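One letter stands for each residue in the lines below.
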Amino acid sequence: CVLGRSRSCGLRLPGDPTVSRQHCIVELERPGLAYVQDLGSLNGTLLNGVRIGERGVREGDATMVQPGRALLRDGDELRIC
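What you see is a predicted model; the values in this text were computed from it and never measured.

### A few points about the pairing of strand β4 (residues 33–38)
A large share of β4 lies buried, amounting to six of its six residues. Where strand β3 (residues 24–30) lies against β4, six bridges are found, and the strand directions are antiparallel. The residue bridging Arg 30 from the neighbouring strand is Leu 33, located in β4. Hairpin connection between β3 and β4: a loop of two residues separates the two successive antiparallel strands, and Gly 32 in this loop has a positive phi of roughly 85°. With three bridges joining them, β4 and strand β7 (residues 70–72) adopt antiparallel strand pairing. Note that in β7 the partner of Ala 34 across the bridge is Leu 72.

See below:
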């Protein structure tokens, strides 16, 4: 499920300019095993207060390295901003 401001997202978070159009993705690999991955957002994604990814802003850099996935556990707090 892609989270973000875009109408194409599975979980839409409109009206907040700190949320990217396609901010992050939550993937269920199998029952009880889920991951979150930032999709190159400008403001980043935090899992339990720890930044798991964001796009680095560098002049003239049109590419980015896709950050790894982070395991989600019951009770984790996901912050998108």
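### Considering the nonpolar core
Judged by nonpolar contacts, Leu 3, Val 19, Cys 24, Ala 34, Val 36, Leu 47, Ile 52, Ala 70, Leu 72 and Ile 80 together constitute the single largest core of 10 residues. Secondary structure elements with two or more residues in this core: β4 and β7. With residues up to four places along the chain from it excluded, the contact list for Ala 70 reads Ala 34, Tyr 35, Val 36, Leu 47 and Ile 52.

### Thoughts on the side chain of Thr 45
By the secondary structure assignment, Thr 45 is in strand β5 (residues 45–47). A polar side-chain atom of Thr 45 sits 3.4 Å from a polar atom in the side chain of His 23. Once you skip the residues sitting within four places of it in the chain, Thr 45 turns out to touch His 23, Cys 24, Asp 38, Val 50, Arg 51, Ile 52, Gly 53, Leu 78 and Arg 79.

### So, the sheet that holds strand β1 (residues 2–4)
The strand order β2-β1-β3-β4-β7 describes an open sheet built from five strands, whose pairing is mixed. Of all the strands in the sheet, the pair left with one neighbour each is β2 (11–12) and β7.

### Some thoughts on the layout of surface pockets
The calculated volume of the largest pocket comes to roughly 200 Å³. Lining of the largest pocket is provided by 13 residues; of these, Ser 20, Arg 21, Ser 41, Leu 42 and Arg 55 occupy positions nearest its centre. For the lining of the largest pocket, the per-class residue count stands at four nonpolar, six polar and three charged.

### Notes on the pattern of salt bridges
Going through the model one piece at a time under the given rule, you end up with two salt bridges. Salt-bridge contacts for Arg 69 lead to Glu 29; the nearest nitrogen and oxygen are separated by 3.0 Å. Of this pair, Arg 69 sits in the loop between β6 (50–53) and β7 while Glu 29 sits in strand β3, and the two are 40 residues apart along the sequence. What makes Arg 69 partly exposed here is its relative accessible area of 37%. One salt-bridge network, in which partners are shared between bridges, spans Glu 27, Glu 29 and Arg 69.

Definitions and cut-offs
- Residues numbered from 1 in each chain as written.
- Predicted model: local features only at pLDDT ≥ 70, side-chain atom pairs only at ≥ 80, totals over all residues.
- Heavy atoms only, no water.
- Buried < 20%, exposed > 50% of the residue type's maximum accessible area, 1.4 Å probe, protein only.
- Helix = DSSP H or I, 4+ residues; strand = E, 2+ residues; numbered from the N terminus.
- Pairing = 2+ DSSP bridges.
- Core = buried A, V, L, I, M, F, W, Y, C linked by side-chain atoms within 4.5 Å.
- Contact = heavy atoms within 4.5 Å.
- Polar contact = N/O pair within 3.5 Å; in protein donor to acceptor, adjacent residues only side chain to side chain.
- 1 Å grid on protein atoms, 1.4 Å probe; cavity = no way out; pocket = protein on both sides within 12 Å on 5 of 7 lines; lining within 4 Å.
- Points joined across faces, edges and corners; volume = space filled by probe spheres on them.
- Nonpolar A, V, L, I, M, F, W, Y, C, P; charged D, E, K, R; others polar.
- Salt bridge = Lys/Arg side-chain N within 4 Å of Asp/Glu carboxyl O.

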